[in-house]
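Descriptive structure summary
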Amino acid sequence: MSTSPPMRLRFAPSPTGYLHVGGARTVLFNWLLARKNGGTLILRIEDTDRARHVEDSVKKILADLRWLGLTWDEGPEVGGAYGPYFQSECLPHYYAAVQRLLECGDAYYALETPEELAAMRERMKDQPGGFKYPRPDPLPTIEQGLAARAGGRPVVVRFRMPGTDIRVNDDILGRVVLPAAELEDFVIQKSDGWPTYHFACVVDDERMRITHVLRGQEHLMNTPKHIALQKALGFNTPFYAHLPVIFNMSGSKMSKRDKERAIKRGEPPPEIDVHDFRAAGYLPEAVLNFIALLGWNPGDDRERFTLSELTEAFTIERIGKTNARFDREKLLSFNMDWCGRVGEARLLAALKDYLTVNARPAVNAGSEPDAAGAGPPPATASATLAARALTFGDDTLRRLLAICAGFKTFAQWLGKVAFLFMDDDAIEFDEKSVRKVLAASNGAGYDALAGVADRLSVIDPWTVASIQAAIESHMSASGLKLGDVAQPLRVAITGATVSPPIFDSLELLGKEATLNRIRRCQQTRKPV
RNA sequence: GGCCCCAUCGUCUAGUGGUCCAGGACACUGGCUUUUCAUGCCAGUAACAGGGGUUCGAGUCCCCUUGGGGUCACCA
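Definitions and cut-offs
- Residues numbered from 1 in each chain as written.
- Chains lettered and ligands numbered in written order.
- Predicted model: local features only at pLDDT ≥ 70, side-chain atom pairs only at ≥ 80, totals over all residues.
- Heavy atoms only, no water.
- Pairing = 2+ DSSP bridges.
- Helix = DSSP H or I, 4+ residues; strand = E, 2+ residues; numbered from the N terminus.
- Axes fitted to C-alpha atoms, helices over the stretch in contact; angles between N-to-C directions.
- Domains from an automatic or database assignment.
- Contact = heavy atoms within 4.5 Å.
- Salt bridge = Lys/Arg side-chain N within 4 Å of Asp/Glu carboxyl O.
- Polar contact = N/O pair within 3.5 Å; in protein donor to acceptor, adjacent residues only side chain to side chain.
- Nonpolar A, V, L, I, M, F, W, Y, C, P; charged D, E, K, R; others polar.
- Near = heavy atom within 4 Å.
- Buried < 20%, exposed > 50% of the residue type's maximum accessible area, 1.4 Å probe, protein only.
- Parallel < 35°, antiparallel > 145°, perpendicular 65-115°, else oblique.
- Left-handed = near helix turned anticlockwise from the far one by under 90°.
- Phe/Tyr/Trp six-rings, centres within 6.5 Å; stacked < 30°, edge-to-face > 60°.
- Lys NZ or Arg CZ within 6 Å of the ring centre and 35° of its normal.

**Quick word on the sheet that holds strand 7 (residues 187-189)**
Strands sit in the order 3-4-7 across an open sheet of three strands; the sheet is antiparallel. Looking at the sheet topology across the chains shown, the edges are occupied by strand 3 (107-110) and strand 7. For this sheet the average axis-to-axis angle between neighbouring strands, irrespective of direction, equals 45°. Relative to strand 7, strand 4 (residues 156-159) runs antiparallel, the two sharing two bridges. Looking at strand 7, one finds that R158 is bridged to V187.

**Here's the deal with the domain arrangement of chain A**
A common way to state how big an interface is: give the accessible area lost once the parts meet. Partitioning chain A into domains gives domain 1 (90-243), domain 2 (258-408) and domain 3 (424-522). Here domain 2 and domain 3 have C-alpha centroids that lie 34 Å from each other. Opposite the five residues of domain 2 that make contact, domain 3 presents six residues. Put simply, domain 2 and domain 3 have two salt bridges between them. R399 serves as the salt-bridge partner of D504, at 2.9 Å between the closest nitrogen and oxygen. At the junction of domain 2 and domain 3, the tally comes to two residue pairs in polar contact (both at pLDDT 80 or more). When the residues that make up the side of domain 2 that touches domain 3 are grouped by side-chain class, the tally is three nonpolar, one polar and one charged.

**Section: unusual backbone geometry**
Residue P84 is reached from G83 by a cis peptide bond, and omega for that bond is -5°. With respect to the helices and strands, P84 occurs in the loop between helix 2 (57-68) and helix 3 (91-103). The peptide bond linking D460 to P461 adopts the cis configuration, its omega dihedral lying at 0°. Backbone geometry at R209 places phi at a positive 55°, although glycine is not the residue there. Residue placement: R209 occurs in the loop between helix 6 (197-207) and strand 8 (212-216).

**Considering the protein's contact with RNA strand B**
Close to RNA strand B lie 67 residues; K190, N297, E303, T322 and S499 are nearest. When atoms of RNA strand B within 4 Å of the protein are split into backbone and base, the sugar-phosphate part holds 73%. Side-chain polar atom of R52 to a sugar or linking oxygen of RNA strand B: 3.4 Å apart, as the coordinates give it. Within the side chain of N222, one N or O atom sits 3.3 Å away from a base nitrogen of RNA strand B. Those elements giving two or more residues to the surface near RNA strand B turn out to be helix 4 (114-124), strand 4, strand 6 (174-178), helix 6, strand 11 (324-325), helix 12 (328-341) and helix 20 (482-494).

**Section: helix 16 (residues 394-403)**
Burial in helix 16 covers these residues: L397, L400, L401 and I403. At its buried positions, helix 16 is contacted by helix 13 (344-359), helix 15 (381-390), helix 17 (410-421) and helix 21 (502-509).

**Examining the pairing of strand 1 (residues 8-11)**
Burial of the side chains of strand 1 extends over both faces: R8 and R10 are buried on one face and L9 and F11 on the other. With four bridges joining them, strand 1 and strand 2 (residues 40-43) adopt parallel strand pairing. Following the sheet pairing, L9 is matched in strand 2 by L41.

**Observations concerning the environment of G393**
Looking at the element boundaries, G393 is found in the loop between helix 15 and helix 16. Taking the C-alpha atoms as reference, G393 lies 39 Å from N30; in sequence the two are 363 residues apart.

**Concerning the packing of helix 18 (residues 431-456) against helix 22 (residues 511-522)**
Running from N to C, helix 18 and helix 22 point in directions that differ by 150°, and their axes come no closer than 11 Å. Between helix 18 and helix 22, the interaxial angle falls into the category roughly antiparallel. You can see that helix 18 and helix 22 cross each other, and the crossing is left-handed. Together, L438, Y446, L449, A450, A453 and L456 of helix 18 and K511, T514, L515, I518, C521 and Q522 of helix 22 make up the contact between the two elements. Counted by class, the contact of helix 18 with helix 22 contains nine nonpolar, two polar and one charged residues.

**Side note on the packing of aromatic side chains**
Inspection of every chain in the model, using the stated rule, returns 11 aromatic pairs. For the ring pair F290 and F334, a centre distance of 5.9 Å and an interplane angle of 80° mean the geometry is edge-to-face. One end of the pair, F290, is in helix 10 (residues 284-292); the other, F334, is in helix 12, with 44 residues separating them in the sequence. Neither residue differs from the other here; F290 and F334 are each classed as buried. With 5.7 Å between their ring centres and 70° between their planes, W296 and F305 make a pair best called edge-to-face. Judged by its relative accessible area of 2%, W296 is buried. Residue F305 is classed as buried on the basis of its relative accessible area of 2%. Here the basic side chain of K225 rests over the ring of F186, its NZ or CZ set 5.4 Å away from the ring centre. Cation over ring: R341 sits above W338, and NZ or CZ is 5.3 Å from the ring centre.

The structure is reproduced here in structure tokens:
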């Protein structure tokens, strides 16, 4: 029988910043569908708004996609038979299509200035149904439009919407009918001659032979416009599927603005863009796995998926209709789990990526460089720590990863091992810890520290085994338990009661620094 | 506000008329393991928004209400 033509899907971001998690899920689903069906994934850059164009954002989006491991078959940097893949390079196509519509009367020049439109809107906003662009009667002729433009008037081209209801057959939502009364003659060409999103999108979907459009539900109301345009131009209508929206835990739509709001409140900005998750020390495996489950599920109890397992299990039928909240706690749990299952080599590589990204000055703090407006970000303490961690060899890093197993993000890992990179003088002894572990019971902890320090000071060579032997011999000589000795040591070397396993911690720190810190710690002892 | 979409534990979800006093995961609580923190293991609390129908039987189908969301640009 007739086989369906090869599936062609696209992801079409606009270069206004980093790749957002919502966008990431959209690409993921498109990628999965393409992979699953032997189709093609096209990456198209929708850069028709010169005002909102953000420098370097294409590069950033591509980098984020690569970090996630979501490759594209056609598009920037890889080319393809249906280029260009930047809309800014396709102006002649749009122009020709507009002309066609103009000539057959399906589009017309509209002469209102933005100011006039705003005034009309203001006047009509209280009418039942609100503002809807009133089609001029009679329509301006082509000659009138051209003349007005020549006279310096900003002239746009509007599409003449057919007066019929439009039905969208959505693969997720089913049949959705949009009443004609809701549809207005929308702009397809701006006064600067550039196409609007709707128009460029439709022309390119056709030009690139797109068969399936998988996009966020915020595009649902755009679809009737696209369908009407396709009909007027004699184009094919692809299959549409609109994905549920991703929310914050608060229930609001997850947006880049959340970061600015948090900063304004003096709170740490939440991760919103893919890059944020990378910089915060998440594994792409975990991010991908987690977002795949936002709006999709395999139908059974499985929750952990690699990209290829996802490809295997993914079907459009199992995409849900309900909006999903982005539960950071669950992501954290996924990430911890993935850190334990990707294997040593992969984990090390990911760690080094994390450290590298963070060792650079924090230019990546805001998704929109001009938005924070707070001046150049300072070189953060964590940037310094990351840079120092990077100076360690792979063997040490691997070992640090192993003894800290159970961390949720690399950022958390860095916090756990930070004491190793700090100057001895920079250790601040936490008052509560000192009181509890050292000063309590007439300074029993201080005594233990002094006793064990004597034994440590004569160790050579300085290894886990020799350190353990020294501590154990002090334990048996004094009758103390491991905790009685280990906790004072922890306070001495980290300033508080938490550290990786004590023998490893001491060995890694080195003999000199250890003794140094113990000495400094002993100075916190108050005379009785 | 108009139009459109959606509605199962706090969260992500399974459930496609009977096998559901609703299953899994995260979170939470308790216990065990443990040199600290964490991890790990075990157990527990917790949901079909409300009201009408249809049906022998409804979380599952229909309607209404309520609630949530999306969208109403010369942005994409």
